[in-house]
Amino acid sequence: MVAVDDVVRAYGAAWNEPDEAARRKLLDEAWADNGVYCDPIGPAEGTRALVEPITGFHQEFQGHRIDLTSAVDEHDGFLRFAWVMAGPDGGTVMEGIDFGELAPDGRLRRITGFFGPLPTRTGNA
């Protein structure tokens, strides 16, 4: 069983790794073989499929990074953490939060990502 902080650290490092072979190695440490990733751009199932959105991130946002901005909050196999996309100058381009679930082996089974700050509540609902 791997420590949850190490798993999330390897997952985050995979998003910042430009070399595909090194990225796959990090994902093997962090991502369950049948893991499911979903964000507003779309879903990816399995390690091989997760490589594609990360590659797309590197192609579209050259010089940008994803940095964790919170500790990992975990209970009963579920977790959440906040992050920012930083531009080449280090400034924040986007913030977000990911919610996840751990597989029995301690790797990530599911990540659901949200982009931007929480929406402002309107009305009394």
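Note that the coordinates shown come from a computational prediction; the quantities given were computed from them, not determined experimentally.

What counts, and where the lines are drawn
- Residues numbered from 1 in each chain as written.
- Predicted model: local features only at pLDDT ≥ 70, side-chain atom pairs only at ≥ 80, totals over all residues.
- Heavy atoms only, no water.
- Phe/Tyr/Trp six-rings, centres within 6.5 Å; stacked < 30°, edge-to-face > 60°.
- Helix = DSSP H or I, 4+ residues; strand = E, 2+ residues; numbered from the N terminus.
- Buried < 20%, exposed > 50% of the residue type's maximum accessible area, 1.4 Å probe, protein only.
- Axes fitted to C-alpha atoms, helices over the stretch in contact; angles between N-to-C directions.
- Parallel < 35°, antiparallel > 145°, perpendicular 65-115°, else oblique.
- Left-handed = near helix turned anticlockwise from the far one by under 90°.
- Contact = heavy atoms within 4.5 Å.
- Salt bridge = Lys/Arg side-chain N within 4 Å of Asp/Glu carboxyl O.

### Here's the deal with the packing of aromatic side chains
Link 1 in the chain: Overall, the coordinates contain seven aromatic pairs when judged by the stated rule.
Link 2 in the chain: Both rings, one in tyrosine 11 and one in tryptophan 31, keep their centres 5.9 Å apart while their planes meet at 15°; by these two values the pair is stacked. On the criterion of sequence distance, the pair formed by tyrosine 11 in helix 1 (residues 4–16) and tryptophan 31 in strand 1 (residues 31–39) is long-range, its members being 20 residues apart.
Link 3 in the chain: Classification of tryptophan 31 as buried rests on a relative accessible area of 1%.
Link 4 in the chain: Geometrically, the ring pair formed by tryptophan 15 and tyrosine 37 is tilted, given 5.8 Å between the ring centres and 45° between the ring planes. Taken as a pair, tryptophan 15 in helix 1 and tyrosine 37 in strand 1 lie far apart in primary sequence, 22 residues in all. Grouping residues by exposure puts tryptophan 15 and tyrosine 37 together as buried.
Link 5 in the chain: Linked through ring pairs, Trp15, Tyr37, Phe57 and Phe61 together constitute an aromatic cluster.

### Focus: the packing of helix 1 against helix 2 (residues 20–30)
For any two helices packed against each other, the geometry is given by the interaxial angle and the distance between the axes.
Link 1 in the chain: Look at helix 1 against helix 2: their axes get within 8 Å of each other, and the N-to-C directions meet at 155°. When the axis of helix 1 is compared with that of helix 2, the two are roughly antiparallel. The handedness of the crossing between helix 1 and helix 2 is left-handed. Residues Val7, Ala10, Tyr11, Ala13 and Ala14 of helix 1 form the contact with helix 2, whose own contacting residues are Arg23, Leu26, Leu27, Glu29 and Ala30.

### What about the environment of valine 8?
Link 1 in the chain: You can see valine 8 is positioned in helix 1.
Link 2 in the chain: Looking at valine 8, the relative accessible area reads 1%, which means it is buried.
Link 3 in the chain: Here the alpha-carbon distance between valine 8 and alanine 71, two residues 63 residues apart in the chain, equals 9.8 Å.
Link 4 in the chain: Contacts of valine 8, omitting those with residues within four sequence positions, involve Leu68, Val72, Leu79 and Phe81.

### Section: the pattern of salt bridges
Link 1 in the chain: Applying the stated criterion across every chain, the model contains seven salt bridges.
Link 2 in the chain: Salt-bridge contacts for aspartate 6 lead to arginine 9; the nearest nitrogen and oxygen are separated by 2.7 Å. In this pair, aspartate 6 and arginine 9 are both assigned in helix 1, three residues apart and thus about one turn of the helix distant.
Link 3 in the chain: For aspartate 6, a relative accessible area of 39% corresponds to the partly exposed category.

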